[in-house]
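For reference, the chains in residue letters:
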Amino acid sequence: MIFGRSERGKPPVEPVTLKILVAGGFGVGKTTLVGAVSEIKPLRTEEFLTEAGRPVDDTSGVEGKYTTTVAMDFGRITLREDLVLYLFGTPGQDRFWFMWDELSEGALGAVVLADTRRLEDCFAAVDYFERRDIPFVVGINCFEGAARYPVDAVRQALDLDEGVPLLLCDARDRESVKETLVGVVQHAMAHAATRRETVTT
């Protein structure tokens, strides 16, 4: 479309906009994921880690991390001409979890990022979405140097329901992140269809 007019006489397309959350533990790659795929300059609310926060910010396994998200990350990606995703990255530390209820309002679904070196850090996010019946996929962020485990072993360790997709992804790679986001949309649509069937029967 050029200056509000469609090309070759086609009617302008009004895209469907969907809200997707990106959650997970501290230092798992949420900010990186949003930044890797966003077609706009992502909004970031990062602050430097301080000595005062050292007792509550567990940096074991992510010793090179010097900043943390204190409110949210925000980005946007157009998957198709008629489909736009708004991405909201949640803060990872428990002291900022009060933001989650606000951010999850109206969300279609979520990506829970997991780091196999600190798998327990994503338990809270998995529990949050399960309790609120928000469809989600688990994305195993393939960090360099991290051990690789069979998907079934990770599913068992997380005690994930068989219906929850578990995907390998690289939060730094645009195409890998896009595939993960497509997986969220597909899973959320299937989840919604199942709920509709349950209501009508």
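Note that the structure is a prediction, hence the values are computed from the model and not measured. (Residues numbered from 1 in each chain as written. Predicted model: local features only at pLDDT ≥ 70, side-chain atom pairs only at ≥ 80, totals over all residues. Heavy atoms only, no water.)

1. Remarks on the confidence of the model for the chain
Okay, so step 1: With 78% of its residues at a pLDDT of 70 or more, the chain has an overall mean of 83.
Okay, so step 2: Averaged pLDDT values over the elements of the chain bottom out at 60 in strand β2 (residues 43–48) and peak at 97 in strand β5 (residues 109–114).
Okay, so step 3: Here residues 49–57 is modelled with pLDDT under 50, and outside its nearest four sequence neighbours on either side it reaches 11 contacts, counting other chains as well. (pLDDT = per-residue confidence, 0-100. Helix = DSSP H or I, 4+ residues; strand = E, 2+ residues; numbered from the N terminus. Contact = heavy atoms within 4.5 Å.)

2. Looking at the pattern of salt bridges
Okay, so step 1: The tally for this structure, following the rule as stated, stands at eight salt bridges.
Okay, so step 2: For the salt bridge of Glu39 with Arg76, the shortest nitrogen-to-oxygen distance reads 3.0 Å. Here Arg76 lies in strand β3 (residues 67–80) and Glu39 lies in the loop between α1 (30–37) and β2, a separation of 37 residues in the sequence.
Okay, so step 3: Taking relative accessible area as the criterion, Arg76 reaches 28% and is therefore assigned partly exposed. (Salt bridge = Lys/Arg side-chain N within 4 Å of Asp/Glu carboxyl O. Buried < 20%, exposed > 50% of the residue type's maximum accessible area, 1.4 Å probe, protein only.)

3. Observations regarding unusual backbone geometry
Okay, so step 1: Although it is not a glycine, Asp133 adopts a positive phi angle of roughly 55°.
Okay, so step 2: Looking at the secondary structure, you find Asp133 in the loop between α3 (123–131) and β6 (136–141).
Okay, so step 3: The phi angle at Asp159 is positive, at roughly 55°, despite the residue not being glycine.
Okay, so step 4: Assignment of secondary structure puts Asp159 in the loop between α4 (151–158) and β7 (166–169).

4. So, the environment of Asp101
Okay, so step 1: The residue Asp101 is located in helix α2 (residues 98–104) in this model.
Okay, so step 2: The exposure class of Asp101 is partly exposed, given its relative accessible area of 45%.
Okay, so step 3: Sequence spacing of Asp101 and Tyr128 is 27 residues, and the spatial spacing of their C-alpha atoms is 9.6 Å.
Okay, so step 4: Residue contacts for Asp101: discarding those within four places in its chain leaves Tyr128 and Arg132.
Okay, so step 5: Separated by 2.6 Å, the side chains of Asp101 and Tyr128 make a polar contact. (Polar contact = N/O pair within 3.5 Å; in protein donor to acceptor, adjacent residues only side chain to side chain.)

5. Some thoughts on the pairing of strand β4 (residues 83–89)
Okay, so step 1: Most of β4 sits inside the fold, with six of its seven residues counted as buried.
Okay, so step 2: As paired strands, strand β1 (residues 16–24) and β4 are joined by seven bridges and run parallel to one another. Residue pairing across strands places Val22 opposite Gly89, the latter belonging to β4. (Pairing = 2+ DSSP bridges.)

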